[in-house]
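Understanding the architecture of this molecule
Residues per chain are reported as follows:
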Amino acid sequence: MAHAGIKTVILLSFVLAVGFLLVILSCALWGNWLPLLVALTFVVAPLPNALFSRCGGDDFSTEYDGSGPVDLGRFITSFIVVTGFALPLVLAHSEVIAPGACAMSIAGGALVYGTIMAYSATFKEASSEFD
């Protein structure tokens, strides 16, 4: 485990709380709860990467760094992230949600996804050559 202090954990939890606050306020201020789907997409987005990251090649092959399952996990993650950004834009364009709710929802979703990625990068297990 990386040497991350308590200040890192507090900062990441604060940014995550601000992100969820923006998403919930984008729903509550305009009385439409559809932007809450953005929080769901950004929470689900890192799961394919986490699930498929262990499906890499063996330690003895040096020809290709990636593998099919790892690339599939990255593709599904990128699809979900693009959906998280595009869904509020489509809803705002079709006048289902207000443009302010769209902006707050995108900003909050980006903070949530960024926090999850920063947390996973900060507390990533260091691979040992003796494993």
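Tallied over the full model, the rule gives one salt bridge. In this structure, Asp71 and Arg74 form a salt bridge, with 3.8 Å as the shortest nitrogen-oxygen distance. With Asp71 and Arg74 both in helix 4 (residues 68-93) and three residues apart, this pair spans about one turn of that helix. A residue is classified by how much of its surface remains accessible, and Asp71, at 32% relative accessible area, is partly exposed.

A few words on the packing of helix 1 (residues 6-28) against helix 5 (residues 99-122). At a minimum axis separation of 7 Å, helix 1 and helix 5 run at an interaxial angle of 155°. Compared by their axis directions, helix 1 and helix 5 come out roughly antiparallel. In the crossing of helix 1 with helix 5, the sense of the turn from one axis to the other is left-handed. Counted together, Thr8, Leu12, Val15, Leu16, Val18, Gly19, Phe20, Leu22, Val23, Leu25 and Ser26 of helix 1 and Ala101, Met104, Ser105, Ala107, Gly108, Gly109, Leu111, Val112, Thr115, Ala118, Tyr119 and Thr122 of helix 5 form the full contact between these two elements. Taken together, the residues of the contact of helix 1 with helix 5 break down into 15 nonpolar, eight polar and no charged.

A few words now on the environment of Ala101. One can find Ala101 in helix 5. Measuring from C-alpha to C-alpha, the distance between Ala101 and Trp33 comes to 9.9 Å, with 68 residues separating the pair along the chain. What Ala101 contacts, discounting residues up to four positions off in sequence, is Ser26 and Trp30.

On to the nonpolar core, then. Counting residues in each nonpolar core, the largest one holds seven residues, listed as Val38, Phe42, Ala45, Ile80, Val81, Val112 and Tyr113. Ignoring sequence-local partners within four residues, the contact set of Tyr113 consists of Phe42, Ala45, Pro46, Thr77 and Val81. Membership of the second largest hydrophobic core comes to six residues, among which are Ala92, Ala101, Cys102 and Ile106.

Moving on: helix 1. An ideal rise of 1.5 Å per residue puts 33 Å on 23 residues; helix 1 measures up with 32 Å between its terminal C-alpha atoms. By the burial criterion, the buried members of helix 1 are Leu12, Gly19, Val23, Ser26 and Cys27.

Turning next to helix 2 (residues 36-44). Along helix 2, the positions that sit buried rather than exposed are Val38, Ala39, Thr41 and Phe42. Along the axis of helix 2, the buried positions cluster into a sector of 165°, meaning they face one direction only. Summarising the contacts, the buried residues of helix 2 are in contact with helix 1, helix 3 (46-52), helix 4 and helix 5.

Before going further, it helps to examine the side chain of Thr77. One can find Thr77 in helix 4. In this structure Thr77 comes out as buried when scored by relative accessible area, which is 3%.

Let us now look at the packing of aromatic side chains. Using the criterion set out here, one finds three aromatic pairs in the structure. Note on Tyr119 and Phe123: the rings are 4.7 Å apart at their centroids and 50° apart in plane angle, and the pair reads as tilted. A residue is classified by how much of its surface remains accessible, and Tyr119, at 47% relative accessible area, is partly exposed. When its relative accessible area of 17% is taken as the criterion, Phe123 is described as buried. Taken together through their ring pairs, the aromatic side chains of Phe42, Phe85 and Tyr113 make up a single cluster.

What counts and how
- Residues numbered from 1 in each chain as written.
- Predicted model: local features only at pLDDT ≥ 70, side-chain atom pairs only at ≥ 80, totals over all residues.
- Heavy atoms only, no water.
- Salt bridge = Lys/Arg side-chain N within 4 Å of Asp/Glu carboxyl O.
- Helix = DSSP H or I, 4+ residues; strand = E, 2+ residues; numbered from the N terminus.
- Buried < 20%, exposed > 50% of the residue type's maximum accessible area, 1.4 Å probe, protein only.
- Axes fitted to C-alpha atoms, helices over the stretch in contact; angles between N-to-C directions.
- Parallel < 35°, antiparallel > 145°, perpendicular 65-115°, else oblique.
- Left-handed = near helix turned anticlockwise from the far one by under 90°.
- Contact = heavy atoms within 4.5 Å.
- Nonpolar A, V, L, I, M, F, W, Y, C, P; charged D, E, K, R; others polar.
- Core = buried A, V, L, I, M, F, W, Y, C linked by side-chain atoms within 4.5 Å.
- Expected span 1.5 Å × (residues − 1).
- Arc of directions from axis to C-beta.
- Phe/Tyr/Trp six-rings, centres within 6.5 Å; stacked < 30°, edge-to-face > 60°.

No statement about biological role is implied by the geometric values presented.
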